[in-house]
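Each chain, written out:
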Amino acid sequence: MQELFYALAGCIFGIFTGIAPGIHVNTVAAFAVLFAQKGDMNSVLFIVCMSVVHTFVDFLPSIILGAPDAENFLSVLPGHRLLLKGYGHYAVQLSVFGGVFGAMFSLLLVPFYIGFVSQYIEMLYAGVPVMLALVLALMVLSEKRKKWAIAVIMLSSLLGIFVLRGNIASGNQLLAVISGLFGASTLLYSLRNKPLLCRQKICESRYNKKEVVEGSLLSAIAGGFVSLLPSLGPNQAAFVLSKVMGKIKTTKYLVILGGISTSNMIFSFFALYLLGKGRTGSAVAIGQIAVLSPESIVLIAAAIVFAVGFGAVATEVIGKWLLRRMHKVNYRKLSIVVIAVLVCIVGFLSGAAGLAVFAVSTAIGIIPQVVHIKRTSTMAFLMAPTMLFYLGF
Amino acid sequence: MVRLNDALLARISLVLAVFGVAALGLLAEVQKPVDADISELGGLDIGSRVSVKGSVAEIFKARNALVFTVYDGNFVKAVVFSPSEEEKEIVRKGNIVEVRGRLQNYKGEIEIIAEKILGPG
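> Help me get a handle on the confidence of the model for chain A, residues and values and all.
Predicted confidence across chain A gives a mean pLDDT of 84, with 92% of residues reaching 70 or more. Within the model, the stretch residues 67-76 of chain A combines pLDDT values under 50 with 19 contacts to residues more than four positions away or in other chains.

If you want it as structure tokens, here you go:
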């Protein structure tokens with residue numbers, strides 16, 4: 001019964017971290033570690049459910065609240081594109097389908113995942129520097145403004161090396177970097193834009209079943225793969241998939257995006273169990289609380305199923321509610337409040353040095369949005385230190 | 001009110017990012033811990049960042065903290081608050097460890113408030 005309470009509390013927090021722009025699930029997971037007793041499975045279930053629900057609800061602010069203005073229409077994400085045509089609800093549902101079916105395929109693929117990890121993990125690790133270098137090269141080559149892409153990758157790499165491998169004082173510096181690169185920078189830049197409002201069509205939509213099944217299966221495989229590779233996340237996986245598979249329809253791409261985030265999160269818990277290493281912030285937090293046993297991983301799998309159902313229903317209900325009222329949300333005020341909250345959290349958990357790191361990360365995070373290059377290039381902040389580590393430096 | 005155009009904003013962000021990253025590089029260099037033998041710690045300022053290597057001699061029980069002594073011919077006490085499972089795994093009696101952290105004077109005795117613990121290899 002107590003487990004159910006913690007799982008439910010995790011689901012509710014997952015809605016909060018997913019919907020509040022700039023508040024990352026890793027931030028709450030880091031807080032949960034501070035208050036958790038060592039070995040406490042209830043706290044583990046809390047983090048698992050929060051993280052899984054987060055991967056569903058997370059799409060709402062990016063699709064709904066981040067509505068761009070007409071000036072940057074061409075650079076908007078696939079979800080925004082549908083929103084601007086009045087099909088925001090359709091975009092939300094596609095990402096939810098991706099999440100649900102992606103999770104289902106992920107759980108079915110777990111036996112293969114365990115087999116793969118036990119056979120090929122060493123070989124995979126040996127190839128990490130080359131794979132990361134290839135992803136970085138692909139990122140630059142895919143951009144029209146290559147010089148800006150190179151500048152952002154170099155700055156992010158140096159930031160990562162100085163902060164994560166250097167000697168900058170104690171505290172959670174990773175939190176400061178992530179909050180700056182992806183949180184504050186987005187919010188600050190969005191303050192310049194006047195949201196483009198459009199009446200949304202909320203009704204039963206038609207779906208291409210083949211597209212949903214194919215997209216979800218692909219996302220589960222890609223999510224499993226990146227869960228083993230340090231410093232690569234769902235965005236890089238979706239980016240590589242789109243390059244490998246050629247042109248993907250917007251609808252299928254949304255299914256894949258929804259599926260990869262959930263699958264990656266799910267597999268990261270199994271990776272923690274198999275390898276003892278966390279590849280997502282949530283898995284790292286769980287690793288700091290408990291060492292997973294076969295019994296606890298079964299409990300985690302049950303919690304995942306619960307959270308997937310909760311996340312899907314919550315995203316659909318909240319998505320509809322927000323889409324009907326999006327014109328009433330004062331995004332500007334909300335953004336300012338969230339920026340203030342982020343500054344307080346970083347100051348509390350990362351100290352004065354963390355605030356400096358946060359400011360620099362914010363400046364770097366603004367550049368890709370202004371010059372219209374992919375924001376995944378800033379992930380070089382994790383990729384560069386990882387490459388150095390695997391090269392033996 | 002002047003509205004920044006994208007080109008200007010990109011340049012401002014780039015300049016801030018370049019100077020910011022350079023400053024962080026400098027900060028990382030300044031805050032680099034001093035490699036020291038335990039016998040040398042008494043001569044260093046309280047609050048300075050140090051790195052000592054030695055074997056784990058004794059482990060004490062404490063609430064929400066891991067307290068242990070490091071031995072390299074001399075002893076020093078090290079404290080890790082809210083230790084992770086990985087850190088607990090590293091800090092085992094007899095293991096060779098590298099402790100990086102700040103020097104603190106606690107009840108007249110020098111100890112290290114550990115920020116990072118590296119295990120053997």
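> Lay out the packing of helix H8 (residues 146-165) of chain A against helix H16 (residues 380-390) of chain A with the relevant residues and their values.
All names here are of chain A. Contact pair H8 / H16: the axes reach a minimum separation of 7 Å and the direction vectors enclose 60 degrees. In terms of orientation, H8 lies oblique with respect to H16. For the pair H8 and H16, the crossing hand works out as right-handed. Here Ile-153, Ser-156, Ser-157, Gly-160, Ile-161, Leu-164 and Arg-165 of H8 lie close against H16, whose contacting residues are Ala-380, Phe-381, Leu-382, Ala-384, Pro-385, Leu-388 and Phe-389. The class makeup of the residues in the contact of H8 with H16 is ten nonpolar, three polar and one charged.

> I'd like to hear about the packing of aromatic side chains, residue by residue, with values.
In this structure the tally under the stated criterion is nine aromatic pairs over all chains. Relative to A:Tyr120, the ring of A:Phe116 has its centre 5.4 Å away and its plane inclined at 45 degrees; by these criteria the two rings are tilted. With A:Phe116 and A:Tyr120 both in helix H6 (residues 88-126) and four residues apart, the pair spans about one turn of that helix. When its relative accessible area of 29% is taken as the criterion, A:Phe116 is described as partly exposed. When its relative accessible area of 37% is taken as the criterion, A:Tyr120 is described as partly exposed. Between A:Phe306 and A:Phe310 the ring centres are 6.5 Å apart and the planes differ by 45 degrees, which places this aromatic pair in the tilted class. One end of the pair, A:Phe306, and the other, A:Phe310, are both in helix H14 (residues 294-325), four residues apart, so they sit about a helical turn from each other. The exposure class assigned to A:Phe310 is partly exposed, which follows from its relative accessible area of 24%. What links up through ring pairs into an aromatic cluster is the set A:Tyr125, A:Phe389 and A:Tyr390. Sitting above the plane of the B:Phe60 ring, B:Lys77 keeps its charged end 5.2 Å from the centroid.

> Account for the side chain of A:Ser361, naming residues and giving values.
Looking at the secondary structure, you find A:Ser361 in helix H15 (residues 331-371). The contact partners of A:Ser361, leaving out residues within four places of it in the chain, are A:Leu159, A:Ala176, A:Val177, A:Gly180 and A:Leu181.

> Can you break down the pattern of salt bridges residue by residue, with the values?
Residue and element names in this part refer to chain A. Going through the model one piece at a time under the given rule, you end up with nine salt bridges over all chains. A salt bridge links Lys-374 to Glu-143; the nearest nitrogen and oxygen atoms lie 3.7 Å apart. Within this pair, whereas Lys-374 is found in the loop between H15 and H16, its partner Glu-143 is found in the loop between helix H7 (128-141) and H8, the two being separated by 231 residues in sequence. A salt bridge links Lys-320 to Glu-316; the nearest nitrogen and oxygen atoms lie 3.7 Å apart. Taken together, the positions of Lys-320 and Glu-316, both in helix H14 and four residues apart, correspond to about one turn of that helix. Each of the salt bridges in this network shares a partner with another, and the network as a whole consists of Lys-210, Glu-214 and Lys-252.

> Talk me through the nonpolar core; I want residue IDs and the actual numbers.
Within the largest apolar cluster, 135 residues are counted, with the highest numbers of intra-cluster contacts made by A:Val48, A:Phe269, A:Ile300 and A:Ile304. If you tally residues by element for this core, the top one is H15(A), at 17 residues. Beyond its immediate sequence surroundings of up to four residues, A:Ile300 is in contact with A:Met41, A:Val44, A:Leu45, A:Val48, A:Phe269 and A:Leu292. The next biggest cluster of nonpolar side chains, apart from the first, holds 20 residues, and it includes B:Val70, B:Val91, B:Ala114 and B:Ile117.

> Which residues make up a nonpolar patch on the surface, and what values go with them?
Residue and element names in this part refer to chain A. A cluster of nonpolar side chains, contributed by Met-1, Leu-4, Leu-8, Ile-12 and Phe-306, occupies part of the molecular surface with about 510 Å² of accessible area. Counting residues per element, the nonpolar patch draws most heavily on helix H1 (residues 2-19), which supplies three residues. Positionally, Met-1 belongs in the segment before H1. Residue Met-1 is classed as exposed on the basis of its relative accessible area of 80%.

> Just give me the short version of the interface of chain A and chain B, but keep the residues and values in it.
Across the boundary between the two partners, chain A contributes 33 residues, which contact 30 residues of chain B. Around 2,400 Å² of area is buried between chain A and chain B when both sides are counted, 65% of it from carbon and sulfur atoms. In this assembly, chain A and chain B are joined by zero salt bridges. On inspection of chain A and its partner chain B, the count reaches one residue pair in polar contact (both at pLDDT 80 or more). Going through the elements one at a time, H8, helix H13 (281-289) and H15 of chain A are the ones with two or more residues in the side of chain A that touches chain B. At ten residues, the largest contribution of residues to the side of chain A that touches chain B is made by H15(A). Looking at the side of chain A that touches chain B residue by residue, the classes come out as 24 nonpolar, six polar and three charged.

Cut-offs used in this document
- Residues numbered from 1 in each chain as written.
- Chains lettered and ligands numbered in written order.
- Predicted model: local features only at pLDDT ≥ 70, side-chain atom pairs only at ≥ 80, totals over all residues.
- Heavy atoms only, no water.
- pLDDT = per-residue confidence, 0-100.
- Contact = heavy atoms within 4.5 Å.
- Axes fitted to C-alpha atoms, helices over the stretch in contact; angles between N-to-C directions.
- Helix = DSSP H or I, 4+ residues; strand = E, 2+ residues; numbered from the N terminus.
- Parallel < 35°, antiparallel > 145°, perpendicular 65-115°, else oblique.
- Left-handed = near helix turned anticlockwise from the far one by under 90°.
- Nonpolar A, V, L, I, M, F, W, Y, C, P; charged D, E, K, R; others polar.
- Phe/Tyr/Trp six-rings, centres within 6.5 Å; stacked < 30°, edge-to-face > 60°.
- Buried < 20%, exposed > 50% of the residue type's maximum accessible area, 1.4 Å probe, protein only.
- Lys NZ or Arg CZ within 6 Å of the ring centre and 35° of its normal.
- Salt bridge = Lys/Arg side-chain N within 4 Å of Asp/Glu carboxyl O.
- Core = buried A, V, L, I, M, F, W, Y, C linked by side-chain atoms within 4.5 Å.
- Patch = residues over 30% accessible without salt bridge, like charges linked within 9 Å, V, L, I, M, F, W, Y side chains within 5 Å.
- Areas by Shrake-Rupley, 256 points an atom, 1.4 Å probe, with all protein chains shown as cover.
- Buried area = accessible area lost by both parts, 1.4 Å probe.
- Polar contact = N/O pair within 3.5 Å; in protein donor to acceptor, adjacent residues only side chain to side chain.

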